[in-house]
Amino acid sequence: PEWLVQATCVHAQYFWVLYGTIFVTAVMDLWTNRQAQSAILLGLGAKLYAVLLYHYMEFTSHVPPSNLLAYFGAEGAYMVSIALVLYKVLSCINLP
């Protein structure tokens, strides 16, 4: 469907910024930097929304995934990586 084509294009064109920000933050150990935290949290929110919408569309379609182990073997890595990065950012936030 057309929405999937558009979503794939948006993902390919814009989400590299999130991945690059996470990479630079990890390499330079900038987890306590407010700007990096804000950018990562906003990006993770967008990524989480996209992943959950994708799962919703998959499971409510007329042909839902037949093999859940294979499905989450491929798709589960997104959720694990989101959880790990979210944990790292939230554990480094210094509240006043």
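For clarity, every value in this text was computed on a predicted model and none was experimentally measured.

Caption draft 1: Representation of the overall build of the chain within the structure. Within the chain, the secondary structure is distributed over 3 helices and 0 strands. Written out in order from the N terminus, the α and β elements of the chain read α-α-α. Based on the C-alpha atoms only, the size of the chain along its principal axes is roughly 50 × 25 × 25 Å. The 96 residues of the chain split such that 22% are buried. Across the chain, contacts joining residues at least 24 apart in sequence account for 60% of those joining residues at least 6 apart.

Caption draft 2: Spatial organisation of unusual backbone geometry. The backbone of D29 shows a phi angle near 50°, a positive value even though the residue is not glycine. Tracing the chain through its elements places D29 in the loop between α1 (2-27) and α2 (34-59). On the basis of relative accessible area, D29 is assigned to the exposed category, the value being 57%.

Caption draft 3: Inspection of the side chain of Q37 at higher detail. Considering the arrangement of structural elements, one finds Q37 in helix α2. Reaching out from Q37, the side chain makes a polar contact with the backbone oxygen of C92 at a distance of 3.2 Å. Setting aside residues up to four positions removed in sequence, Q37 forms contacts with W31, T32, V89, C92 and I93.

Caption draft 4: View of the nonpolar core. The biggest cluster of nonpolar side chains holds 11 residues, and these are F15, L18, I22, W31, I40, L44, V51, I82, V85, V89 and C92. Elements represented by at least two residues in this core include exactly α1, α2 and α3 (68-91). With near-sequence residues (within four places) excluded, L44 lies in contact with L18, I82, V85 and L86.

Caption draft 5: Summary view of the side chain of T25. Within the element layout of this structure, T25 appears in helix α1. Within the local environment of T25, its side chain forms a polar contact with the backbone oxygen of T21, the two atoms lying 2.7 Å apart. Not counting residues up to four positions away in its chain, the partners in contact with T25 are L30, W31, A36 and I40.

Procedures and definitions
- Residues numbered from 1 in each chain as written.
- Predicted model: local features only at pLDDT ≥ 70, side-chain atom pairs only at ≥ 80, totals over all residues.
- Heavy atoms only, no water.
- Helix = DSSP H or I, 4+ residues; strand = E, 2+ residues; numbered from the N terminus.
- Buried < 20%, exposed > 50% of the residue type's maximum accessible area, 1.4 Å probe, protein only.
- Contact = heavy atoms within 4.5 Å.
- Polar contact = N/O pair within 3.5 Å; in protein donor to acceptor, adjacent residues only side chain to side chain.
- Core = buried A, V, L, I, M, F, W, Y, C linked by side-chain atoms within 4.5 Å.

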